[in-house]
Amino acid sequence: MTDIEIGYREGLGRGAGGDRVRRGATAGVLGTAAVATGLLAGVYYVFACAVMPALARSDDRTYVEVVRDINDVIQNPLFLLSFLGAPLLTAVSAWRLRGTRPPRPWVWAALAAHVLAFAVTAACNVPLNDALARATAPGAARAHFENPWVAWNAVRTVLVTLALACLARALLLHGRAERRA
């Protein structure tokens, strides 16, 4: 007897037991997507509420140096795990919830918000970071960078926070469907 046949015989394949395992795995992926999204929203929020306002008090040279340092340091495996993992896990959740009416539209909305936030980052924030890294005159560099970067960061903060709210709603609906099943 193969492992698959044993699994079916023990109720882990098709039927109630297998469905429970599948729904539990789906809830795990959905929950992990929400946590990763919350971490990402938190990073953007802290930049909006504390990092950039604190740097605004600095002189031009300090401002440019610190932002360059942040841009170098933030490109690390832990940040990339949430930056790339949040939308990827959200996409996996959308796929796993195929055919499941109540939570799926919320996951798709979260995925759309993630895609928009990623687009804002790639089209706006990263080019501003790159221009700042190449700049030679701190005053001109800051004048070109600060206000647009802060504005686009606010946009992606709202988008990722919206994604988090949608994932939270999806988790709630998924949990309700589990209790009924």
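Notes on the structure in this doc start here. (Residues numbered from 1 in each chain as written. Predicted model: local features only at pLDDT ≥ 70, side-chain atom pairs only at ≥ 80, totals over all residues. Heavy atoms only, no water.)

**A word on helix H3 (residues 60–73)**
Stated formally: Helical segments are the DSSP runs of H or I of at least four residues, strand segments are the runs of E of at least two, and each set is numbered from the N terminus. Expected span of a helix: the number of residues minus one, times 1.5 Å. Only protein chains enter the accessibility calculation, which uses a 1.4 Å probe; a residue whose area is less than 20% of its type maximum is buried, one above 50% is exposed, and one in between is partly exposed. Starting at the helix axis, one direction is taken to each C-beta atom, and the arc is that of these directions. Here a polar contact is taken to be a pair of N or O atoms separated by no more than 3.5 Å, where protein atoms must pair a possible hydrogen donor with a possible acceptor and residues adjacent in sequence count only if both atoms sit in side chains.
Taking 1.5 Å as the rise per residue, H3 with 14 residues should run 20 Å; its terminal C-alpha atoms sit 20 Å apart, in good agreement. Residues of H3 that are buried: Tyr63, Val64, Val67 and Asn71. In a view along the axis of H3, the buried residues occupy a sector of 95 degrees, so they form one face of it. Structural note: H3 exposes Arg61, Asp72 and Val73 on the side pointing more than 90 degrees away from its buried face. Looking at where H3 begins, the residue whose side-chain oxygen comes 3.1 Å from the main-chain nitrogen of Arg61 is Asp59.

**Some thoughts on the nonpolar core**
Filter applied, for reference: The set of buried Ala, Val, Leu, Ile, Met, Phe, Trp, Tyr and Cys residues whose side-chain atoms join them within 4.5 Å is what this entry labels a nonpolar core. Residue contacts follow a heavy-atom distance rule, with two residues in contact if any of their heavy atoms lie within 4.5 Å.
Within the largest apolar cluster, twelve residues are counted, these being Leu30, Ala33, Ala34, Ala94, Leu97, Val107, Ala110, Ala113, Ala163, Cys166, Leu167 and Ala170. By residue number, the principal contributor to this core is helix H6 (residues 138–180), which donates four residues. With residues near it in sequence (within four places) discarded, Leu167 still touches Leu30, Ala33, Ala34, Thr37, Thr90, Val107 and Ala110.

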